[in-house]
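Chains, contacts and geometry: an overview
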Amino acid sequence: MELQNKRLTDDEFFAQRDEVLTQWPTGKDADMAAGIAYHKSLADSKCFSKKLLAAKAQRTTLVQPRAGVALIPQHIELLTYLQDKGGADLLPTTIDSYTRLNRFEKAQQGIEESVRTGKSMLNGFPAVNHGVSGCRQIVDSLDTPVQIRHGTPDARLLSEIAYTGGFSSNEGGGISYNIPYAKNADLVTTIRHWQYVDRLTGMYEEAGVSINREPFGPLTGTLVPPSISHAVAIIESLLAAEQGVKNITVGYGQCGNLIQDVAAIQTLQTLTDEYLRQYGYNDVDVTTVLHQWMGGFPQDEARAFAVISWGSTVAALSHATKVIVKTPHEAMGIPTMEANAQGLRCTKQIISMLGDQTVNTDSLCDEKDIISRETRCIVDKCFELGDGDLAVGTVRAFQAGVLDIPFSPSRSNAGKLLPARDNEGAIRMFALGNLPFTKELAEFHQEKIAERAAAEKREASFQMVIDDVYAISKGRLVGRPSRD
């Protein structure tokens, strides 16, 4: 089947489905009709889409952690604790690495080893192996909507089981769960696989069950310029809408400069709405999510709480619909459930204090203008490269470096774009690569990097990029040279 941004026909979808459901024995229980009936039996309070739309209407910010362990009882215990003690408004089920790669045999071994040792030997919940009944045990045990979060290039079987099992939100996309994660995954193939996931989501929608879809906003997580992540979010939203998705949450990973981060969340909402309407998707509801700092964290817990609080401040002042919360153990690996709950309570306190406040300055307006112009340059060029077909244009854009995600391991990514902070800590382009910016925008970035170099009395160089990657873990935002 040739790649194109066109809704899958029933014949195309069900031809794939016959193969997908045989990938692991639990696939036989992925019954769409039964899944639709089960979702309709659940209380509205367990529906992700409804809770997000209510929060957007009320201009409140919901908090959500990351969490997942191997066995069902322990996973229920973990999520119940985060719900009851952490005050999570929305809950995750983070999927293990073997399932993300569709290595279900290894995931099964991890389950068996977890039973034998009495502790989780997987870094997440193996939903495919636990099957529909296992997923429903999770959903039935909680009062809060649950989302699957994973990183899977081919999430077709996972999505089938998760949807039948009652999960009402699914993170990821053919770009955002490929380019930041995989070295050799073919971009055409992953876009096709996620068209299947989105068509499945659309079929549930057509049957009266709204399932939220969330492109993964932070991408590689470190120093990603807003216009890059915005372009990917908009593209994946348009691809999803073509398949019938009606509820989309677009995301952004905090970069650290307050004005730029607030501007990013606000433009992400308006630009996504703008492009969906421009291309005829007038009935899609869009919400936003801020991911707290995704780079290196301080090992000291007190300093880690400061980083969490800073992200919470951005979420509150930008009025993001939800925020993905980090923990004070971020630098040390998988957190305890107590530390996870502490991060949630810290975030909720900041949001409660700042939720009625706004930022409205000339600098914010200027930054929103820059981000919007950059994003339109990239997205419009993708349409041009595809002769009007966004799926084709996206593949060609990566081939040409028009879309370029910094620090990506993917062979499909040009890797010529290098970001660095300006003198005020905003993310700028140290090396523009082949991004299709206007001359004015290109000169703007050059000037911003030059200003910082002059202030630091050093040449603008790759060392700035390196310094910025490690700065927050060392207690700074901008990676200034040592004056010792």
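Structure's up top.
What comes next is a walk through the structure. (Residues numbered from 1 in each chain as written. Predicted model: local features only at pLDDT ≥ 70, side-chain atom pairs only at ≥ 80, totals over all residues. Heavy atoms only, no water.)

1. A word on the packing of aromatic side chains
Summed over the entire model, instances satisfying the criterion amount to 9 aromatic pairs. Plain terms: the ring middles of Tyr177 and Phe216 are 5.9 Å apart, the flat faces sit at 45° to each other, and that makes the pair tilted. Of this pair, Tyr177 sits in the loop between β4 (169–171) and α9 (187–206) while Phe216 sits in the loop between β5 (212–214) and α10 (226–242), and the two are 39 residues apart along the sequence. Neither Tyr177 nor Phe216 differs from the other in exposure class; each is buried. Put simply, the rings of Tyr177, Tyr181, Trp194 and Phe216 touch in pairs and so form one group of aromatic residues. Against the face of Tyr38 rests Arg136, its NZ or CZ located 4.1 Å from the ring centre. For the cation-ring pair, Arg156 lies above Tyr196, with the distance from its terminal atom to the ring centre recorded as 6.0 Å. (Phe/Tyr/Trp six-rings, centres within 6.5 Å; stacked < 30°, edge-to-face > 60°. Helix = DSSP H or I, 4+ residues; strand = E, 2+ residues; numbered from the N terminus. Buried < 20%, exposed > 50% of the residue type's maximum accessible area, 1.4 Å probe, protein only. Lys NZ or Arg CZ within 6 Å of the ring centre and 35° of its normal.)

2. Brief notes about empty space enclosed by the protein
Overall, the coordinates contain 4 cavities of 30 Å³ or more when judged by the stated rule. In this structure, the largest cavity spans a volume of roughly 70 Å³. Every residue lining the largest cavity is listed: Gly172, Gly173, Gly174, Ile175, Ile191, Trp194, Gln195, Asp198, Arg213, Glu236 and Leu239. With 4 residues, the single largest contributor to the lining of the largest cavity is α9. Quantified by volume, the second largest cavity comes out at close to 50 Å³. Around the second largest cavity sit Gly217, Pro218, Gly221, Thr222, Leu223, Val224, Ser229, Tyr252, Gly253, Gln254 and Cys255, which together line it. Taken together, the residues of the lining of the second largest cavity break down into 5 nonpolar, 6 polar and no charged. (1 Å grid on protein atoms, 1.4 Å probe; cavity = no way out; pocket = protein on both sides within 12 Å on 5 of 7 lines; lining within 4 Å. Points joined across faces, edges and corners; volume = space filled by probe spheres on them. Nonpolar A, V, L, I, M, F, W, Y, C, P; charged D, E, K, R; others polar.)

3. Examining the packing of helix α11 (residues 258–278) against helix α14 (residues 362–385)
For the pair α11 and α14, the least separation of the axes is 9 Å and the interaxial angle reads 45°. Taken together, the axes of α11 and α14 lie oblique to each other. Like other packed secondary-structure pairs, α11 and α14 cross with a definite hand, here right-handed. In contact with Ile259, Gln260, Val262, Ala263, Ala264, Gln266, Thr267, Leu271, Glu274 and Tyr275 of α11, α14 contributes Ser363, Leu364, Glu367, Lys368, Ile371, Ser372, Thr375, Arg376, Val379 and Asp380. Split into classes, the residues belonging to the contact of α11 with α14 amount to 9 nonpolar, 6 polar and 5 charged. (Axes fitted to C-alpha atoms, helices over the stretch in contact; angles between N-to-C directions. Parallel < 35°, antiparallel > 145°, perpendicular 65-115°, else oblique. Left-handed = near helix turned anticlockwise from the far one by under 90°. Contact = heavy atoms within 4.5 Å.)

4. Section: helix α17 (residues 462–471)
Looking only at α17, the buried set comprises Met464, Val465, Asp467, Asp468 and Ala471. Looking straight down α17, one finds that the buried residues subtend no more than 165° of arc, so they occupy a single side. (Arc of directions from axis to C-beta.)

5. Let's talk about the pairing of strand β9 (residues 418–421)
Side chains Leu418 and Ala420 of β9 all project onto a buried face; the interleaved residues Pro419 and Arg421 project onto the opposite face, where all are buried too. Strand direction decides the pairing type here: β9 and strand β10 (residues 427–431), joined by 4 bridges, are antiparallel. Each bridged residue has a counterpart across the sheet, and for Pro419 the counterpart in β10 is Met429. From the end of β9 to the start of β10, which pair antiparallel, there are 5 residues, and Gly425 there has a positive phi angle of about 95°. (Pairing = 2+ DSSP bridges.)

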